[in-house]
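Summary of structural features
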Amino acid sequence: MKSNNIKEPQQKRSIEKKEKIISAAMDLFFTDGYHKTNTADIAKAAGVSTGIVYRYFPDKKGILMEGLPIVTEAIQHMIFDAFKEKMTPDSTLSDFIHFAVDELLDYHQNSYTAHEQFELILYAVPEAMDYLYDLEKEITMKVASLLPSFGITLDHPFERVHLVYHMIEDLCHEITFHKHKEINPEVLKELVIEQLISLLQTSSSTEQSVCSTHSRA
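This part is about the layout of surface pockets. Each pocket or cavity is described by its volume, and for the largest pocket that value is around 1,700 Å³. In terms of lining, the largest pocket is formed by 50 residues, of which the most central are Gln 76, Ile 79, Leu 104, Ile 139 and Tyr 165. At the level of secondary structure, the elements contributing two or more residues to the lining of the largest pocket comprise helix 4 (60-86), helix 5 (93-110), helix 6 (112-124), helix 7 (126-146) and helix 8 (157-178). For the lining of the largest pocket, the element with the most residues is helix 7, which contributes 11 residues. Counted by class, the lining of the largest pocket contains 33 nonpolar, 10 polar and 7 charged residues.

Rendered as structure tokens:
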């Protein structure tokens, strides 16, 4: 039975227990599917009773909505850390775009089932779709505001970054999921990269170092 008195844990052990519930739930949502997972499954995977689950969450949707920011933030950190590791002060805009496309393609292909389930969750839970919409806006604004620090000055930066985001996402979905037989994935990838570079190139030089300005800041 669901509890009407949702508690926010204060003690370390209770906080860890709640985190374990979220982790177990997100693993199940992204492997078995959101609809096929119930609170009893989550409790079993987390090693707690269903009563403990309902102590911290009203239902599985409540767990999902607390888990989504954790998952998406981890993905962002993973990609950003890879960027910091591989990009150098001499990296060009072309290097940057190729790297971004390859990283996101690897993520989609290595997380096939999870990404597929995530797409289903977005259509099943309107709040999750709203969260993703807000997250997309946040990322777009963040990237657009960071471009000048990398020596990239553009007119209409938000619109350009928005296009970049969706072009890469569509490319990843085509190569990973749709796989239309009429489309050569390598040709499509290079065409998309060509357009992305055109969208983000500066008026002064298309091959200037992406990181040079940032490294001097």
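Now that the structure has been shown, the text picks up again.
A separate point is the confidence of the model for the protein. Scored by pLDDT, the protein comes out at a mean of 88, with 91% of its residues at no less than 70. In the model of the protein, helix 10 (residues 212-216) stands out as the element of lowest mean pLDDT, 46, in contrast to helix 2 (residues 39-46), which has the highest, 98. Contacts of residues 203-207 to residues separated by more than four positions or lying in other chains number 4 contacts, the stretch itself having pLDDT below 50. Segment residues 213-217 is flagged for pLDDT under 50; beyond a separation of four residues in sequence, or across chains, it makes 7 contacts in the model.

The next point concerns the environment of Phe 57. Position of Phe 57 relative to the elements: it lies in the loop between helix 3 (50-56) and helix 4. Judged by its relative accessible area of 0%, Phe 57 falls in the buried class. Once you skip the residues sitting within four places of it in the chain, Phe 57 turns out to touch Ile 6, Lys 18, Ile 21, Ile 22, Gly 62, Ile 63 and Glu 66.

All right, on to the environment of Phe 29 then. Tracing the backbone shows Phe 29 in helix 1 (residues 12-31). The spacing of Phe 29 and Ser 111 is 82 residues in sequence and 13 Å in space, taken between C-alpha atoms.

Turning our eyes to something else, we now look at the packing of aromatic side chains. Applying the stated criterion to the full structure yields 3 aromatic pairs. Pairing Phe 30 with Phe 118 gives two aromatic rings, centres 6.0 Å apart and planes at 70°, and the pair type is edge-to-face. Placement of the pair is Phe 30 in helix 1 and Phe 118 in helix 6, with a sequence separation of 88 residues. Neither Phe 30 nor Phe 118 differs from the other in exposure class; each is buried. Ring centres of Tyr 112 and Phe 177 lie 5.0 Å apart, and the angle between their planes is 50°; this geometry places the pair in the tilted category. Here Tyr 112 is found in helix 6, whereas its partner Phe 177 is found in helix 8, with 65 residues between them in sequence. Lying over the aromatic face of Tyr 34, Lys 60 brings its terminal NZ or CZ to 4.3 Å of the ring centre.

Conventions adopted
- Residues numbered from 1 in each chain as written.
- Predicted model: local features only at pLDDT ≥ 70, side-chain atom pairs only at ≥ 80, totals over all residues.
- Heavy atoms only, no water.
- 1 Å grid on protein atoms, 1.4 Å probe; cavity = no way out; pocket = protein on both sides within 12 Å on 5 of 7 lines; lining within 4 Å.
- Points joined across faces, edges and corners; volume = space filled by probe spheres on them.
- Helix = DSSP H or I, 4+ residues; strand = E, 2+ residues; numbered from the N terminus.
- Nonpolar A, V, L, I, M, F, W, Y, C, P; charged D, E, K, R; others polar.
- pLDDT = per-residue confidence, 0-100.
- Contact = heavy atoms within 4.5 Å.
- Buried < 20%, exposed > 50% of the residue type's maximum accessible area, 1.4 Å probe, protein only.
- Phe/Tyr/Trp six-rings, centres within 6.5 Å; stacked < 30°, edge-to-face > 60°.
- Lys NZ or Arg CZ within 6 Å of the ring centre and 35° of its normal.

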